[in-house]
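Chain by chain, the residues:
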Amino acid sequence: MSSSVLSPAARLRSLKPDWLRDPKVWRTEVLGGLVVALALIPEAISFSIIAGVDPAIGLFASFTMAVTIAIVGGRPAMISAATGAVALVIAPLNREHGFGHLVAAVILAGVFQILLGALGVAKLMRFVPRSVMVGFVNSLAILIFMAQVPEIRDSPWPVYPLMAAGLALMVFFPKVTTVIPAPLVSIVILTVITVAAGIAVPTVGDTGELPSSLPVPGLPDVPFTLDTLTTVAPYALAMALVGLMESLMTAKLVDDITDTHSSKTRESIGQGVANIVTGFFGGMGGCAMIGQTMINVRVSGARTRLSTFLAGAFLMVLCIAFGPIVSDIPMAALVAVMVMVSVATFDWHSIAPRTLKRMPAGEITVMVVTVACVVATHNLAIGVVVGSITAMVVFAKRVAHLAEVTAVTDPDSGAVVYRVTGELFFASSNDLVGRFDYATDADKVVIDLSAAHVWDASSVAALDAIETKYVQRGKTVEIIGLNEPSARIHESLSGELTGSH
């Protein structure tokens, strides 16, 4: 039935989002948001400590980022909040110039992200190969696991059985029912056990004091001068780039998991808007949170913007209305959740012996380099950039070997015909000049490029050099078979790349 013959009530129902039309979806989104909110609290507090600000600043940032991105972002169900990557970038600014400059940098970073989004920076994602994406996912899983190690090192002995119990609950509870997310069940049961039995273990309350009121909007406490702008701009640009890189990679990962497409341009601009809003509310800024996104999408099964919005809303409700209860949650319960997330996130198929045996060595190298860089620097953006550059070098080396030159003599004219096959660019054209026999060839030489493609100035320069070497020996050269794009670049650059001597 076409929409033109639908009744007004039916049209209204069709416009409703899934979570309003389907109670099951609504329940999944609500519970997913609640689990994420619980997992966000200790993370936001720890990132606040990294940035050198009060724990409330990180919690406020997580609240405003999640709520704003749920409305303006391009990837439904993705969680944005205060993150460690952003905290590391802006920590020196806060340490050297104070909190006011940090807030100003967050706002300016948001402006940069909007500009970069409008300029189409999201299109660069298509240059990230699959091997880098696999390395990104695996290094993310390793970082999530490594982040939990300090929480269990030198801890009271009850922490370890509590963690084991939490992991067991998350493995076996879904076999009973999936109506309630297993992480939520695990957190509730372990909290009840520790409180009821009076077990002394580290709790959420030990990581920092929870806020007791909502954030209030205001302007950053800095002089609005050119000097302030030049001070915060480098940090703001670094934050914008790191935040966009992590957010776009996470969005692509969620696209793959959910088998859906999202607007990366809208996500880029949305991240900027969310950071501007966060800055005006005195938050430390942020970007997509990969671990919490995996909890929401992969573990809880959330798929809509509602879970993202509620993650932020529940975060403030839990802190303000249920602060004492939340403070009693044992860190062992949340550590168990994150360990489970790291195991679920890791692409185990990518390191299976059967996969490694079939995978080209270059692809394995790119994956390993990406993982090594991320784990060494604790910066996902650096790993992705280095991995992508490595992939380009591997690709260029592989393609360069595909350029072949074969020579035959035309029996009718006596001319030597060189047939060039493959892609001609800087890597493959460098040794092209040495593939011709200038001294013994006939007086007429034909270079057939009908099975080749000229990509850049290096290739044109190589063809010019070949022609010059023959002319110096009194021989003529004819280049034939150029396709239209190759002919265009050859015509515009030939003879123009070297000065006259």
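Residues numbered from 1 in each chain as written. Predicted model: local features only at pLDDT ≥ 70, side-chain atom pairs only at ≥ 80, totals over all residues. Heavy atoms only, no water.

### Some remarks on the overall build of the protein chain
Using the following cut-off: We count a stretch as a helix when DSSP gives it H or I for four or more residues in a row; a strand needs E for two or more, and each element gets its number in order from the N terminus. Using C-alpha atoms as the atom set, the radius of gyration is obtained and then compared with a globule rule of 2.2 Å times the number of residues to the power 0.38. Each residue is placed in one exposure class: buried if its accessible area under a 1.4 Å probe, protein chains only, is under 20% of its type's maximum, exposed if it is over 50%, and partly exposed if it falls in between. We call two residues in contact whenever any of their non-hydrogen atoms come within 4.5 Å of each other. Just so you know, the count uses Lys and Arg for positive and Asp and Glu for negative, and it drops His and the chain ends. Note that the charge is assigned to NZ on lysines, CZ on arginines, CG on aspartates and CD on glutamates.
Scanning the protein chain for helices and strands turns up 22 helices and six strands. Relative to its length of 501 residues, the protein chain is extended, with a C-alpha radius of gyration of 29 Å against a globular reference of 23 Å. Dimensions of the protein chain along its principal axes, counting C-alpha atoms only, are 100 × 65 × 60 Å. When burial is assessed residue by residue, the protein chain has 50% of its 501 residues classed as buried. Partitioning the intrachain contacts of the protein chain with sequence separation of at least 6 by distance along the chain shows that 83% fall at a separation of at least 24. Each charge sign in the protein chain was given a centre, from 31 positive and 36 negative side chains, and these centres are 10 Å apart.

### A closer look at the sheet that holds strand β5 (residues 444-454)
What counts, and what does not: Should DSSP find at least two bridges between two strands, the strands are taken to pair. Simply put, an axis is a line fit to the C-alpha atoms, just over the touching stretch for a helix, and the angle between two N-to-C directions goes from 0 to 180 degrees.
One open sheet holds the four strands; their spatial order is β3-β4-β5-β6, and the pairing between them is mixed. The strands lining the two open edges of the sheet, one partner per strand, are β3 (404-409) and β6 (476-480). Across the sheet, the axes of successive neighbouring strands diverge by a mean angle of 20°, strand direction being ignored. Two elements, strand β4 (residues 416-424) and β5, share eight bridges in a ladder whose sense is parallel. What sits directly across from Y418, in β5, is I447.

### A short note on the environment of S46
If you trace the backbone, S46 turns up in helix α3 (residues 23-51). Along the backbone, S46 and V121 are 75 residues apart, and their C-alpha atoms lie at a distance of 30 Å.

### Notes on empty space enclosed by the protein
The condition is simple: Detection works on a 1 Å grid of protein atoms alone, calling trapped sets that fit a 1.4 Å probe cavities and calling open sets with protein on both sides within 12 Å along at least five of seven lines pockets, with lining residues defined by an atom within 4 Å of a point. Grid points are joined across faces, edges and corners, and a volume is the space filled by probe spheres set on the points. For this scheme, ten residues count as nonpolar: Ala, Val, Leu, Ile, Met, Phe, Trp, Tyr, Cys and Pro. Four count as charged, namely Asp, Glu, Lys and Arg, and the remainder, Gly too, count as polar.
Across all of its chains, the model carries two cavities of 30 Å³ or more by this definition. Taken together, R130, S131, V134, S350, L356, M359, E363, I364 and M367 make up the full set of residues lining the largest cavity. Counting only elements with at least two residues in the lining of the largest cavity, the list comes to α7 (130-152) and α18 (361-377). Computed from the structure, the second largest cavity encloses a volume of approximately 50 Å³. As for the second largest cavity, its lining consists of I69, A70, G73, G74, R75, P76, M78, S80, E267, R305 and T308. Of the residues assigned to the lining of the second largest cavity, the class counts are four nonpolar, four polar and three charged.

### Quick word on the pattern of salt bridges
We count it as follows: Criterion for a salt bridge: a side-chain nitrogen of Lys or Arg within 4 Å of a carboxyl oxygen of Asp or Glu.
Enumeration over the complete set of coordinates arrives at six salt bridges. When the shortest N-O distance is used, the salt bridge between E478 and K444 registers 3.8 Å. With E478 in strand β6 and K444 in strand β5, this pair connects stretches of sequence that are 34 residues apart. Residue K444 is classed as partly exposed on the basis of its relative accessible area, which comes to 41%. The salt bridge involving R488 is made with E484; its shortest N-O contact spans 3.4 Å.

### Some words on the packing of helix α8 (residues 159-176) against helix α9 (residues 182-197)
Where we set the bar: For any pair of crossing helices, the crossing counts as left-handed if the nearer helix is rotated counterclockwise from the farther one by less than a right angle, and right-handed if it is rotated clockwise.
At a minimum axis distance of 9 Å, the contact between α8 and α9 shows a crossing angle of 145°. Along this stretch, α8 crosses α9, giving a crossing that reads as right-handed. Residue-level contacts link L162, A165, G166, L169, M170, F173 and P174 of α8 to A182, P183, V185, S186, I189, L190 and T194 of α9. Residue classes in the contact of α8 with α9 are distributed as eleven nonpolar, three polar and no charged.

### Structural notes on the layout of surface pockets
One water molecule sets the probe size; rolling that probe over the atoms shows where empty space is left. Estimated volume of the largest pocket: approximately 820 Å³. Among the elements of the structure, α3, α5 (84-97), α7, α13 (290-299) and α16 (331-345) are those that each provide at least two residues to the lining of the largest pocket. Looking at which element gives the most residues to the lining of the largest pocket, the answer is α7, with eight residues. Residue composition of the lining of the largest pocket, by class: 21 nonpolar, eight polar and three charged.

### Section: the confidence of the model for the protein chain
Worth spelling out the cut-off: As a per-residue measure, pLDDT tells how confident the predictor is, with possible values from 0 to 100.
Considering every residue of the protein chain, the mean pLDDT works out to 87; 94% of them sit at 70 or more. Mean pLDDT per element in the protein chain: helix α1 (residues 8-15) is the minimum at 56, and helix α12 (residues 264-280) is the maximum at 96.

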